[in-house]
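# An overview of the molecular structure
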Amino acid sequence: MTENDPTESNAALVFPSDFLWGSATASYQIEGAVREDGRTPSIWDTFARTPGKVLGGDTGDVACDHYHRWQDDLDLMAELGLGAYRFSVSWSRVQPTGRGPAVQRGLDFYRALADGLLERGITPSLTLYHWDLPQELEDAGGWPVRDTAERYAEYARIVGEALGDRVRLWATLNEPFCSSFLGYGSGVHAPGRTEPESVLKAAHHLNLGHGLAVQALRSVLPRDAQVGISLNPGVIRARTDSPEDKDAERRIDALHTRIFSDPLLHGGYPEDLKRDTARVTDWSFVRDGDEAAIHQPLDYLGLNYYTPTVVSAPVEGRPAARNHAHGVSEHSPWVGSEQVEFHLAPGDRTDMGWVIDPTGLTDLLLRFSREAPGLPLYVTENGAAFDDKQDDSGAVHDPNRIAYLRGHLSAIHDALGQGADVRGYFLWSLMDNFEWAYGYSKRFGIVHTDFETLKRTPKSSARWYAEVTASGRLA
């Protein structure tokens, strides 16, 4: 056994010595300060302030107040021994209208954040877009219109020029599936629209925006910068081996995964996806040259995983079951395949109701290891929400989260052992925060946030994770 071999030693699972251990957050979920230093509303500000859209009427106006407490948060990351921190940039903090020159005060915040990480020996990992489109661009049509992709490339260039000397690990988009299918299909995410054709237009323009942004970044970043994207591909499993259920699996895999991975990795949209959605659109919004523009060389692929999805063929005469872990809505996000049934898999669940199944993560890593040989992989999000509470001493013990993390890190180790080139892991999330349409009701953090006082308290899982990252071993 060599130092870099992911093999077992004394019952411990040993990870490569250069494996990158990190944690992740997103701008709207933690920053707050939504009206400061020139920042204007994003679609999530508007959505959260719309009655009935977010549980409890919660907003990200204050969130974790990271905008003012970032130095203390970085000290906490250093205390926990994080090797990397994945954060996202608020587009409307940097470019309030989504057009024109940048607001330097906004860029200065991210410059200082990156500098603070480097001073503490933590690798900055920057995501350009984690769902918070400037509201002015949404008012002009949002992601279903082509201009948004072009504006996004300009924004990417601005951030690349400002932080390229500090940040080496870049992601264009986080989970474009959620931005398009949940934002424009089921309406459970901002901007809350329910327009089937707009889903597919948004998906395409997010893909195109990615490709144009990669080109813009390459033109301004140093040669050693690593540019990729973070997807949340579905781990779709047919309920039975019947041809009908297998076809349901194929349909949802096309919508959840291949609508993004095929043009990104292979240069074109899958033909079965076009056939499945022919009654929704003729795909004429895809112009000559678009698929080539999307198909840019990548330095890595980020994969987010939480839970698998079980599907079956529709049953005539009854409404489709929609237990698909993507929020409750009268409107299906699965355009062209609305009648496919979704089922709750057996097993223990997180506080989100998501089944805990680490095998899905191994399957996902091996799938893309086969599909994109030679392309390094990162797990850019993985974690669990549980109903964490402080005891009388103020401590937070979360053995269920530790068990979850141990299982999923073991699943990564399994993938490494089978040849997958996995370079790192970003735990979701660093701290409890604004969990989108669930407001502050769901806690994903390894650090407890008291949303009244905003005090941070590392949970048992944070101490456990620090031991894993320090040793590179999973006991």
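Fair warning: this is a prediction, and the values are worked out from it, not measured in the lab. (Residues numbered from 1 in each chain as written. Predicted model: local features only at pLDDT ≥ 70, side-chain atom pairs only at ≥ 80, totals over all residues. Heavy atoms only, no water.)

## Describing the overall build of the protein
Each helix and strand in the protein was counted, giving 15 helices and 16 strands. Its C-alpha atoms give the protein a radius of gyration of 21 Å, near enough to 23 Å, the size a compact globule of 475 residues would have. For the protein, the spread of C-alpha atoms along the three principal axes comes to 55 × 55 × 45 Å. For the protein, buried positions account for 63% of its 475 residues. For the protein, the share of sequence-separated contacts (at least 6 apart) that also reach a separation of at least 24 residues comes to 76%. Summing over all exposed atoms, the protein offers an accessible surface of approximately 17,500 Å²; the carbon and sulfur share of this is 48%. Mean positive and mean negative side-chain charge positions of the protein (46 and 68 charges, respectively) differ by 2 Å. (Helix = DSSP H or I, 4+ residues; strand = E, 2+ residues; numbered from the N terminus. Rg over C-alpha atoms; globule rule 2.2 N^0.38 Å. Buried < 20%, exposed > 50% of the residue type's maximum accessible area, 1.4 Å probe, protein only. Contact = heavy atoms within 4.5 Å. Areas by Shrake-Rupley, 256 points an atom, 1.4 Å probe, with all protein chains shown as cover. Lys, Arg positive; Asp, Glu negative; His and termini not counted. Charge placed at Lys NZ, Arg CZ, Asp CG, Glu CD.)

## Observations regarding the sheet that holds strand β11 (residues 341-343)
Overall, mixed pairing links the 3 strands, which are arranged β8-β10-β11 in an open sheet. For this open sheet the edge positions go to β8 (236-238) and β11, each flanked by a neighbour on one side alone. Ignoring which end each strand starts from, the neighbouring axes of this sheet average 40 degrees apart. Sheet contacts for helix α10 (residues 243-266): β8, β10 (309-312) and β11; angle to β8, the most-contacted strand, approximately 165 degrees. (Pairing = 2+ DSSP bridges. Axes fitted to C-alpha atoms, helices over the stretch in contact; angles between N-to-C directions.)

## Describing the packing of aromatic side chains
Here the structure, examined in full by the defined rule, presents 38 aromatic pairs. With a centroid separation of 6.2 Å and an interplanar angle of 75 degrees, the aromatic rings of Trp 21 and Tyr 465 are classed as edge-to-face. Taken together, the positions of Trp 21 in strand β3 (residues 20-24) and Tyr 465 in helix α15 (residues 460-471) put the pair 444 residues apart, joining distant regions of the chain. Neither Trp 21 nor Tyr 465 differs from the other in exposure class; each is buried. Note on Trp 143 and Tyr 152: the rings are 5.8 Å apart at their centroids and 70 degrees apart in plane angle, and the pair reads as edge-to-face. Grouping residues by exposure puts Trp 143 and Tyr 152 together as buried. Each residue in the set Tyr 28, Trp 44, Phe 47, Trp 131, Phe 434, Trp 436, Tyr 440 and Phe 451 is aromatic and connected to the rest through ring pairs, giving one cluster. A cation sits over an aromatic face here: Arg 93 above Tyr 67, 4.2 Å from the ring centre. (Phe/Tyr/Trp six-rings, centres within 6.5 Å; stacked < 30°, edge-to-face > 60°. Lys NZ or Arg CZ within 6 Å of the ring centre and 35° of its normal.)

## Examining the environment of Ala 254
Structurally, Ala 254 can be placed in helix α10. On the basis of relative accessibility, which here comes to 0%, the residue Ala 254 falls in the buried class. Counting along the chain gives 214 residues from Ala 254 to Thr 40, while the straight-line C-alpha distance between them is 36 Å. If we skip the residues at most four places from it in the chain, Ala 254 touches Ile 259, Asp 272 and Leu 273.

## Description of the pairing of strand β6 (residues 169-174)
The buried fraction of β6 amounts to 6 of the 6 residues, a majority that puts the element mostly inside the structure. Inspection of the sheet shows strand β5 (residues 123-129) paired to β6 by 4 bridges, in the parallel sense. Within the sheet, the bridge partner assigned to Leu 126 lies in β6 and is Trp 170. Relative to strand β7 (residues 226-231), β6 runs parallel, the two being bridged by 4 bridges. What sits directly across from Leu 169, in β7, is Gln 226.

## Points about the UniProt feature "active site" (unreviewed entry) in the protein
Cross-referencing UniProt, the feature "active site" (unreviewed entry) maps to Glu 381 in the present numbering. By the element assignment, Glu 381 lies in strand β12 (residues 377-381). Of the residues examined, Glu 381 reaches a relative accessible area of 4% and is grouped as buried. Look past the residues within four positions of Glu 381 in its chain and what remains in contact with it is Arg 86, His 130, Asn 174, Glu 175, Leu 303, Asn 304, Tyr 305, Tyr 306, Phe 426 and Trp 428. (UniProt positions renumbered as here; feature names shortened; annotations may be inferred.)

## Describing the sheet that holds β6
Read once around its circumference, the closed barrel built from 8 strands follows the order β3-β4-β5-β6-β7-β9-β12-β13, with strand pairing classed as parallel. Strand-to-strand twist in this sheet, taken as the mean axis angle between neighbours without regard to direction, amounts to 25 degrees. Its contacts with the sheet place helix α9 (residues 196-220) against β5, β6 and β7, and it is angled at close to 160 degrees to β6. Contacting β3, β12 and β13 (422-428), helix α14 (residues 399-417) runs over the sheet at an angle of about 165 degrees to β13.

## Focus: the packing of helix α8 (residues 176-186) against α10
At a closest axis distance of 10 Å, the pairing of α8 and α10 adopts a crossing angle of 130 degrees. Classified by the interaxial angle, the pair formed by α8 and α10 is oblique. As α8 packs across α10, the resulting crossing turns out to be right-handed. Along the contact surface, α8 presents Pro 176, Phe 177, Ser 180 and Phe 181, while α10 presents Leu 255, His 256, Ile 259 and Phe 260. (Parallel < 35°, antiparallel > 145°, perpendicular 65-115°, else oblique. Left-handed = near helix turned anticlockwise from the far one by under 90°.)

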